[in-house]
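Results of the structural survey
As a plain string of letters, each chain reads:
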Amino acid sequence: MLSRNIKPTHSFSSPPALALATVLAIAAFTAPPPAAAGSGAWIDNGATACEKYLTPDVVAAILRTPGGRPRRLDAHSCNVGPIYITLKVADIDVFRSEVPRVFGAHPIGGIGDGAYWNGAGALSAVKGHDRGCDVSVIDPGAPKMHNAELGQNLGEICNKLFAIP
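Residues numbered from 1 in each chain as written. Predicted model: local features only at pLDDT ≥ 70, side-chain atom pairs only at ≥ 80, totals over all residues. Heavy atoms only, no water.

Digging into the nonpolar core
The biggest cluster of nonpolar side chains holds 32 residues, and the ones touching the most others in it are Ile85, Ile157 and Leu161. Sorting the residues of this core by element identifies α3 (49-53), α4 (56-62), β2 (77-80), β3 (83-88), β5 (114-118), β6 (122-127), β7 (131-137) and α6 (147-162) as the ones contributing at least two each. Here the element with the most residues in this core is α6; it accounts for 6 residues. Non-local contacts of Ile85, meaning those with residues more than four positions away in its chain, are made with Ala49, Cys50, Leu54, His76, Ser77, Cys78, Asp134, Val135, Ile157 and Leu161. The next biggest cluster of nonpolar side chains, apart from the first, holds 8 residues, and it includes Ile92, Val99, Val102 and Tyr116. (Core = buried A, V, L, I, M, F, W, Y, C linked by side-chain atoms within 4.5 Å. Buried < 20%, exposed > 50% of the residue type's maximum accessible area, 1.4 Å probe, protein only. Helix = DSSP H or I, 4+ residues; strand = E, 2+ residues; numbered from the N terminus. Contact = heavy atoms within 4.5 Å.)

This is how it looks when you write it as structure tokens:
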């Protein structure tokens, strides 16, 4: 006989779980096509982006506590503590058509050719027809700022990466 008083042991409505789910959804929604993943060139800057663009001053402006040392995750992504950067092949026309379907997306100007931030601490941006940049802070308690202000600061990192030839 089954008891009807069984309570779930995990809650997916907690802020950290929601933040992680949102970041994973963004990554899945804007991931590069498999053929593009090995194309190299500009997206390979993602491995060293944290070393170059998440300097101690930049990290201190974003996080409440130091983030640690930059770490390469793969050829296209890196992190410093809870701040993650991923570069990918993305097209602005596709991006613009997808944004209305992304839950909690808030368009933001001045970053690439199109960008949005969300309340989970993530920013996704695209420049042209071959450059995409995702920057996120996966610990909701880590940033000093939130929402549009955090999105703008993360967007400045993407703009610097978009400027690389």
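Some remarks on the packing of aromatic side chains
Enumeration over the complete set of coordinates arrives at 2 aromatic pairs. Pairing Trp42 with Phe162 gives two aromatic rings, centres 5.8 Å apart and planes at 20°, and the pair type is stacked. Taken together, the residues Trp42 in the loop between α2 (34-37) and α3 and Phe162 in helix α6 connect sequence positions 120 residues apart. Residue Trp42 is classed as buried on the basis of its relative accessible area, which comes to 7%. Pairing Phe95 with Tyr116 gives two aromatic rings, centres 5.6 Å apart and planes at 20°, and the pair type is stacked. (Phe/Tyr/Trp six-rings, centres within 6.5 Å; stacked < 30°, edge-to-face > 60°.)

In short, geometric facts, not functional conclusions.
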